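The chain contents come next:
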Amino acid sequence: MKKTLARGLMNLLPMVLSIWLFWSLFISLDELGKLLLELVGVTPIFIGAGFGLVASLVFVAGLLFSVSPVAWVYGWIERQFMKFPLFKSVYGSIRDIASLMNRDGQPKTQKTVLVKQANGGYVVGFIMSDSAPQPLVDALPEGDWVPVLFQLSYQMAGVTSLVKRDDLIFVDWSFEDAMRFNLTAGINTIAR
C-alpha cells in the first residue's frame, strides 16, 4: 500500500502542481485584466475576458516594439531608469533572465560542457558567452577564458566561474536537457 501511494503521489504531484501554477497565473492575469476593464467602465462579459485583454495588450506591445520610434523611446526611458543603481541591478538581472528564454531567432550560445574537478570528478556547466568581459580578461593570466555557469540543484541560483576553454570537455547535449538534469540533481537522466 505504501508503494502504491508513493507511486500515485509521484505521478500526480507534478501534474497537479503544474496545472495549479498555470491556473493561478491565468486567474491572476484575468483579475488584472478585469481591473483594467473596470477602470474604463466596461463590465467583463465572460470568464477569461480579463486574461484575453492582458494577452492582447502584450501582443500589441510586441507589435509596437517592432516599430523603430517606439523601441527608441522605450530604450531612452530604460536608459534613464538605469541611472539608478538599485533599479539597474534588479531590472538588469530580470531582463537578462528574460533574454535567455527568448533569443528572437538568434543561435543559442549556451553550450553544455564538463569541467574536471580536483578529486577527478566532473561538473556539468554551461558556456554562457564566447568570451569573458575585457576587465576580467585583463586581470587573468594568459589564456582563452570563458564564463561557465554551474547551476545549483533545485534553485534558480548558480555559480559562474571563468574557465580556460582548453580545460572544457564539450558535450553534445541540449542546454534545456542538461539544465533539467542539473536542476533536478541528476534525477532526470533522460538524454534526448
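Since this is a predicted model, take the numbers as computed values, not measurements.

Chemist: Looking at this structure, how should I read the UniProt feature "transmembrane region" (unreviewed entry) in the protein?
Modeler: Under the feature "transmembrane region" (unreviewed entry), the UniProt entry names residues 12–29 and 49–74. For the annotated span residues 12–29, helix accounts for 100% and strand for 0% of the residues, and the straight-line distance between the end C-alpha atoms is 26 Å. Across residues 49–74, helical content stands at 88% and strand content at 0%; the span's end C-alpha atoms are separated by 28 Å.

Chemist: Quick question: what am I supposed to make of the sheet that holds strand S5 (residues 168–170) here?
Modeler: Pairing between the strands of a sheet is mediated by backbone hydrogen bonds and can be parallel or antiparallel. Strand order in this open sheet of five strands is S4-S3-S2-S1-S5, and the pairing throughout is antiparallel. Sheet topology places strand S4 (158–164) and S5 at the edges, where each strand pairs with a single neighbour. Averaged over all adjacent pairs, the angle separating strand axes in this sheet is 40°, with direction ignored. The pairing of strand S1 (residues 111–116) with strand S2 (residues 122–127) spans six bridges and is classified as antiparallel. Within S2, the residue paired with Thr 112 across the bridge is Phe 126. Seen against the sheet, helix H6 (residues 175–183) touches S1, S2 and strand S3 (145–151) and runs at an angle of roughly 135° to S2.

Chemist: It is not clear to me how the packing of helix H1 (residues 2–39) against helix H2 (residues 49–64) should be interpreted in this structure. Could you clarify?
Modeler: Packed helix pairs are specified by the crossing angle of their axes together with the interaxial distance, meaning the distance between the axes. Contact geometry of H1 with H2 gives a least axis separation of 6 Å together with a crossing angle of 85°. Between H1 and H2, the crossing angle belongs to the class labelled roughly perpendicular. From H1, Phe 26, Leu 29, Asp 30, Leu 32, Gly 33, Lys 34, Leu 36 and Leu 37 reach across to H2, where they touch Ala 49, Gly 50, Phe 51, Leu 53, Val 54 and Leu 57. The residue makeup of the contact of H1 with H2, split by class, is 10 nonpolar, two polar and two charged.

Chemist: In this structure, what is going on with a nonpolar patch on the surface? I would like to understand it.
Modeler: On the surface, Leu 32, Leu 35, Leu 36, Leu 39, Val 40, Val 42 and Leu 57 cluster together into a nonpolar patch covering about 640 Å² of accessible area. Ranked by residue count, the leading element in the nonpolar patch is H1, at four residues. With respect to the element layout, Leu 36 can be found in helix H1.

Chemist: Explain the packing of aromatic side chains here, please?
Modeler: Any pair of aromatic rings gets described here by the distance separating the centres and the angle formed by the planes. By the definition in use, this model includes six aromatic pairs. Plain terms: the ring middles of Phe 26 and Phe 51 are 4.8 Å apart, the flat faces sit at 50° to each other, and that makes the pair tilted. With Phe 26 in helix H1 and Phe 51 in helix H2, this pair connects stretches of sequence that are 25 residues apart. Taking the relative accessible area as the measure of exposure, Phe 51 reaches 30% and is therefore partly exposed.

Chemist: Whenever I open this one, the environment of Val 73 confuses me. Can you help?
Modeler: Tracing the backbone shows Val 73 in helix H3 (residues 68–81). Along the sequence, Val 73 and Pro 133 sit 60 residues apart, while their C-alpha atoms lie 28 Å from each other.

Chemist: Would you mind showing me how to read the pairing of S3 here?
Modeler: In regular strands, side chains alternate between the two faces of the sheet. Buried residues dominate S3, accounting for seven of its seven residues. Side chains of S3 alternate between two faces, with Trp 145, Pro 147, Leu 149 and Gln 151 and Val 146, Val 148 and Phe 150 buried alike.

Rules behind the numbers
Each residue is numbered by its place in its chain's sequence as written, counting from 1. Local features in this predicted model are restricted to residues of pLDDT 70 or higher, and side-chain atom pairs are both shown and tallied only at a pLDDT of 80 or more, whereas totals for entire chains, interfaces and linings draw on every residue. Here the side-chain values reflect all heavy atoms present in the structure, with hydrogen atoms and water set aside. UniProt positions are given in the numbering used here, feature names are shortened, and annotations may be inferred rather than shown by experiment. Runs of H or I in DSSP of at least four residues are treated as helices and runs of E of at least two as strands, each being numbered from the N terminus. When DSSP locates at least two bridges between a pair of strands, those strands are taken to pair. The angle between two axes is taken between their N-to-C directions and runs from 0 to 180 degrees, where each axis is a line fitted to C-alpha atoms and a helix contributes only its stretch in contact. Only heavy atoms enter the contact rule, under which two residues are in contact if any of them lie within 4.5 Å. Every angle not falling under 35 degrees, over 145, or within 65 to 115 is termed oblique; those three ranges are roughly parallel, roughly antiparallel and roughly perpendicular. Each residue gets one of three labels, nonpolar for Ala, Val, Leu, Ile, Met, Phe, Trp, Tyr, Cys and Pro, charged for Asp, Glu, Lys and Arg, and polar for the others, Gly among them. Two joining distances apply to patches: 9 Å for like charges and 5 Å for nonpolar side chains (Val, Leu, Ile, Met, Phe, Trp, Tyr), and every residue must have over 30% relative accessible area and no salt bridge. Residue exposure ignores everything except the shown protein chains as possible cover, and the areas themselves are Shrake-Rupley values with a 1.4 Å probe. Salt bridges are counted wherever a side-chain nitrogen of Lys or Arg sits within 4 Å of a carboxyl oxygen of Asp or Glu. When two rings of Phe, Tyr or Trp (its six-membered ring) have centres within 6.5 Å they constitute a pair, described as stacked for plane angles under 30 degrees, edge-to-face for angles over 60, and tilted for the intermediate range. To sort residues, take the accessible area from a 1.4 Å probe on protein chains only and compare it with the maximum for the residue type: under 20% means buried, over 50% means exposed, and anything in between is partly exposed.

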